[in-house]
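Inside the fold
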Amino acid sequence: MMFPSRETVKQIRNEFPKGTRVELVSMDDRQAPSPGTKGTVIGVDDTGSLLMRWENGSGLNVVYGEDVVRKISEVQNDDR
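How each quantity is defined
Residues numbered from 1 in each chain as written. Predicted model: local features only at pLDDT ≥ 70, side-chain atom pairs only at ≥ 80, totals over all residues. Heavy atoms only, no water. Salt bridge = Lys/Arg side-chain N within 4 Å of Asp/Glu carboxyl O. Helix = DSSP H or I, 4+ residues; strand = E, 2+ residues; numbered from the N terminus. Buried < 20%, exposed > 50% of the residue type's maximum accessible area, 1.4 Å probe, protein only. Pairing = 2+ DSSP bridges. Axes fitted to C-alpha atoms, helices over the stretch in contact; angles between N-to-C directions.

A short note on the pattern of salt bridges
One pass over the full model with this rule turns up four salt bridges. Here D46 ties to R13 by a salt bridge, and the two come within 2.9 Å at their closest N and O atoms. Taken together, the positions of D46 in the loop between β2 (38-44) and β3 (50-54) and R13 in helix α1 (residues 6-15) put the pair 33 residues apart, joining distant regions of the chain. We classify D46 as exposed; its relative accessible area is 67%.

A look at the sheet that holds β3
The sheet built from four strands is open, its strands ordered β3-β2-β1-β4 with antiparallel pairing. Taken across any chain shown, the strands that pair with only one partner, and hence form the sheet edges, are β3 and β4 (68-73). For this sheet, the mean inter-axis angle between neighbouring strands, taken without regard to orientation, is 45 degrees. Two elements, strand β1 (residues 21-26) and β4, share five bridges in a ladder whose sense is antiparallel. Within the sheet, the bridge partner assigned to V22 lies in β4 and is K71.

Right, dumping it as structure tokens:
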């Protein structure tokens, strides 16, 4: 697996700040939430993965370059 550059991680952090709501499109993991599950971004790690709190209670990260989510809402306040 190839890790993203610092600039790419910075762009991901700008696109998915803490509090951003997303919907899962696909995740290749046996324990993955079902497609369509909604969750909230709680951060972005240094590999560009989204740290998540899914509505079903799962905490699986969205792995950069592997998993796919769709942004459904922006952060409502500036609590970054």
